[in-house]
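Coordinate analysis (summary)
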2 protein chains.
Amino acid sequence: MGKVYVVGIGPGGAEQITPQAREAMARADVLCGYTVYIDLVQPLFPEKEVYTTPMTQERERCRWAVEAARAGRNAAMLCSGDAGVYGMAGPLLQLCPEFPEVEVEVVPGITAALSGAAVLGAPLMHDFCVISLSDLLTPWETIEKRLLCAARGDFSICLYNPSSKKRADYLRRACGILLREKGPETVCGWVRNIGREGQESRLLTLGELQEEAVDMFTTVFVGSSATRAVCGRMVTPRGYEGKP
Amino acid sequence: MGKVYVVGIGPGGAEQITPQAREAMARADVLCGYTVYIDLVQPLFPEKEVYTTPMTQERERCRWAVEAARAGRNAAMLCSGDAGVYGMAGPLLQLCPEFPEVEVEVVPGITAALSGAAVLGAPLMHDFCVISLSDLLTPWETIEKRLLCAARGDFSICLYNPSSKKRADYLRRACGILLREKGPETVCGWVRNIGREGQESRLLTLGELQEEAVDMFTTVFVGSSATRAVCGRMVTPRGYEGKP
C-alpha cells in the first residue's frame, strides 16, 4: 500500500521548501498537481514522474492520488503555500471514508499570509484573520459576514484571492465593508508574486486600497487599528503600544 | 554595516527549517534568542556564536541585535514558528526609527497554526482566525471581543498560548465565550509539542474542550460550523459541503 503526501511547497522558490516537503516529494513515486506547481518543483526532481491537471479538477486529482496509493505507489499532491490553507489537504482527507486503508500525511508549507507578511514587515504580529474573497464555493453573503466580523474584532486581516477576471471589483467591495468599522487611514499593504520573479509590494491606506487594482497573484493585508507604517514597513504591535 | 535577520525556525525540528532560514543563520555572525530556540538549532551550527536571553527580555534582545549590526556583525534573531506571528519581527522593526541604517530581513517559518493543523488533518482549510489567550500585553476584554467576533463570523479558530501557570482557566473561559455562538458539538482539536518528542494530539468537541486541561506547549483548534471529524482527522471543507 502506498501513501499520499499532501505537500505545501510555499510561495514557489526552492529556498522556502522545507526539508520535510522535499523528503516527501523524494519518497513519492509520482508528483501530482496543478501544472504551475509541478513546473516549480520539477527542476528539483527531473526524473520524477508527474501527473498534472488543470486548476479546477481537484477532486479528480485527489481520487487519482488515492488510487495510485492503493495500487502501491506513493503519491505527493503539491499545493502552493500550505496544503491546509485553501489547499488540497481538506478535499483529500474528505475522501478518506472511501479509502480508509490509505495513509495520508499532510506536510505544512509557508502560506502566502506568512511569506507576504515577511515582505511587508510584520503585519500579522497579533491576532489575525485570513479570508478568501473567492465566491466560487462560498456565498458572497458569508464572505461579507466574515469581513465584518474580522473588522469588528479589530483583527489584522489577510485577504486571499482578492481578484480575478470575473471578480474584478471584489476587493473594492470588501474594502467598502471593512470601512464600516475601520478608518480609511488604516495601514494596509499588498504583495504580488511573493518570492517569485517580479515580486512587488506596496504600503497604502484602506481608502487607497479600495481604489487599487490588484490581480490574482496578489495577497492583501489590512491592518488593525494599531498597525503603523514604520520606516516603510507594515508593523502591527503585539499588544498595547507603549507596554514593554 | 551588518544586517539583522528575524528568523522563524518552525516548531523545532530541522525538517521544518526552510533553506532560507538556514541560510540566514549561516550568514549570521551570531544567533540571538530565547535559550530553548538556540538549543534547538545549535547542533546545526555548532561553531556559531550565540547570545541567549530569558523569554521576557525581548526588547533587550532586539536592541542587542541592532547594536551588533551597527558594529558590522550580522545577527539572526530566532523565533519559534514564524517570526511575524507573536514573534520578534514586530518589536525589532519598531526599533527601526532609532536604527534606520540597519537592514532587517524577516524570514518566514512554519507557525504552530500550520504545523499543528497538519497533525490534526485540515482544520484551517477555509477562512480562519488566530487568537492568543495571553493577556500579558492585551486586556482580557479585547481577547473576549475577538473570540466573540471570530465565533460570529463562523471562522475556524486557532488558539495560541491557551494556558500557563497564572492562566490555568483561560481556555475554559474562552470556550465559554465561543459557546455563546457555537454549538457544544463543534469539532475541535489540540496538538501538544508539535513536531517534537512527545507530540500528542486529540480530537474532541467544544463542550469537551471547555473541560480539558492543556499546557503552554499546546495549540488549540476550534472548528467552524462545517468542520467534521473524518477518519479521526479534523477537516474543514473549503466551501459549502456537497459542492465540487
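Residues numbered from 1 in each chain as written. Chains lettered and ligands numbered in written order. Predicted model: local features only at pLDDT ≥ 70, side-chain atom pairs only at ≥ 80, totals over all residues. Heavy atoms only, no water.

Here we take up the nonpolar core. Within the largest apolar cluster, 54 residues are counted, with the highest numbers of intra-cluster contacts made by Leu209 of chain A together with Leu209 of chain B. Setting aside anything within four residues of it in sequence, one finds Leu209 of chain A in contact with Leu171, Cys175, Cys188, Trp190, Leu204, Val220 and Val222 of chain A. Listed in part, the 36 residues of the second largest apolar core include Phe128 and Val130 of chain A together with Tyr160 and Phe221 of chain B. (Core = buried A, V, L, I, M, F, W, Y, C linked by side-chain atoms within 4.5 Å. Buried < 20%, exposed > 50% of the residue type's maximum accessible area, 1.4 Å probe, protein only. Contact = heavy atoms within 4.5 Å.)

Look at helix α6 (residues 140-152) of chain A against helix α6 (residues 140-152) of chain B: their axes get within 8 Å of each other, and the N-to-C directions meet at 180°. Between α6 of chain A and α6 of chain B, the angle is such that the two are roughly antiparallel. Across the interface between the two elements, Lys145, Cys149 and Arg152 of chain A of α6 of chain A pack against Lys145, Cys149 and Arg152 of chain B of α6 of chain B. Taken together, the residues of the contact of α6 of chain A with α6 of chain B break down into two nonpolar, no polar and four charged. (Axes fitted to C-alpha atoms, helices over the stretch in contact; angles between N-to-C directions. Helix = DSSP H or I, 4+ residues; strand = E, 2+ residues; numbered from the N terminus. Parallel < 35°, antiparallel > 145°, perpendicular 65-115°, else oblique. Nonpolar A, V, L, I, M, F, W, Y, C, P; charged D, E, K, R; others polar.)

Below, the discussion takes up the relation of the copies chain B and chain A. Look at the two chain copies: a rotation about an axis and a shift along it is all it takes to match them. You can overlay chain B on chain A at an RMSD of 0.0 Å; the transform is a turn of 180° with a shift of 0.0 Å along its axis. Accordingly, the operation relating the two chain copies is best matched by a two-fold axis. Interface overlap between copies is the fraction of interface residues in one copy that are interface residues in the other; for chain B against chain A it reaches 100%, indicating a shared surface. (Least-squares fit on C-alpha atoms with pLDDT ≥ 70 in both.)

As a further point, take the pattern of salt bridges. A complete count under the given rule lists 28 salt bridges over all chains for this structure. Across the pair Glu105 of chain A and Lys3 of chain A runs a salt bridge whose closest N-O atoms are separated by 2.5 Å. Pair noted here: Glu105 of chain A is in strand β5 (residues 103-107) and Lys3 of chain A is in strand β1 (residues 3-8), with a separation of 102 residues, a long-range link. Among the salt bridges present, the one from Arg146 of chain A reaches Asp127 of chain B, with a minimum N-O distance of 2.8 Å. Within this pair, whereas Arg146 of chain A is found in helix α6, its partner Asp127 of chain B is found in the loop between β6 (121-122) and β7 (128-132), the two belonging to separate chains. With relative accessibility at 2%, the residue Asp127 of chain B sits in the buried group. Here the salt bridges share partners, and the residues they tie into one network are Lys3, Glu103 and Glu105 of chain A. (Salt bridge = Lys/Arg side-chain N within 4 Å of Asp/Glu carboxyl O.)

All names here are of chain B. One open sheet holds the five strands; their spatial order is β3-β2-β4-β1-β5, and the pairing between them is parallel. Since the sheet does not close on itself, it has two edges, and those belong to β3 (49-53) and β5 (103-107), each with one partner. Going across the sheet, the axis of each strand differs from the next one's by a mean of 20°, ignoring polarity. Two elements, strand β1 (residues 3-8) and strand β4 (residues 75-79), share five bridges in a ladder whose sense is parallel. In the strand pairing of β4, Gly8 is matched with Cys79. Across the face of the sheet, helix α1 (residues 19-27) comes into contact with β1, β2 (30-34), β4 and β5 while running at roughly 140° to β1. (Pairing = 2+ DSSP bridges.)

What follows deals with the interface of chain B and chain A. Size of an interface: often given as the accessible area lost when the parts come together. Contact with chain B, which involves 67 residues of that partner, is made by 67 residues of chain A. For the chain B and chain A pair, buried surface summed over both sides reaches about 5,800 Å², with 61% attributable to carbon and sulfur atoms. Taken as a group, Leu137, Arg146 and Arg238 of chain B account for 13% of the area that chain B buries against chain A, more than any other trio of residues on that side. The interface formed by chain B and chain A includes 28 residue pairs in polar contact (both at pLDDT 80 or more). (Buried area = accessible area lost by both parts, 1.4 Å probe. Polar contact = N/O pair within 3.5 Å; in protein donor to acceptor, adjacent residues only side chain to side chain.)

The next thing to look at is helix α3 (residues 58-70) of chain A. Along an α-helix, residues three or four apart share an orientation, since each turn contains 3.6 residues. All names here are of chain A. Compared with the 18 Å implied by 1.5 Å per residue over 13 residues, the 19 Å span of α3 between its first and last C-alpha is a close match. Buried residues of α3: Glu58, Arg61, Cys62, Ala65, Val66, Ala68 and Ala69, and no others. Take α3 and look down its axis: the buried residues cluster within an arc of 155°, on one side only. The secondary structure elements touched by the buried residues of α3 are β1, β2 (30-34), β3 (49-53), β4 (75-79) and α4 (89-94). (Expected span 1.5 Å × (residues − 1). Arc of directions from axis to C-beta.)

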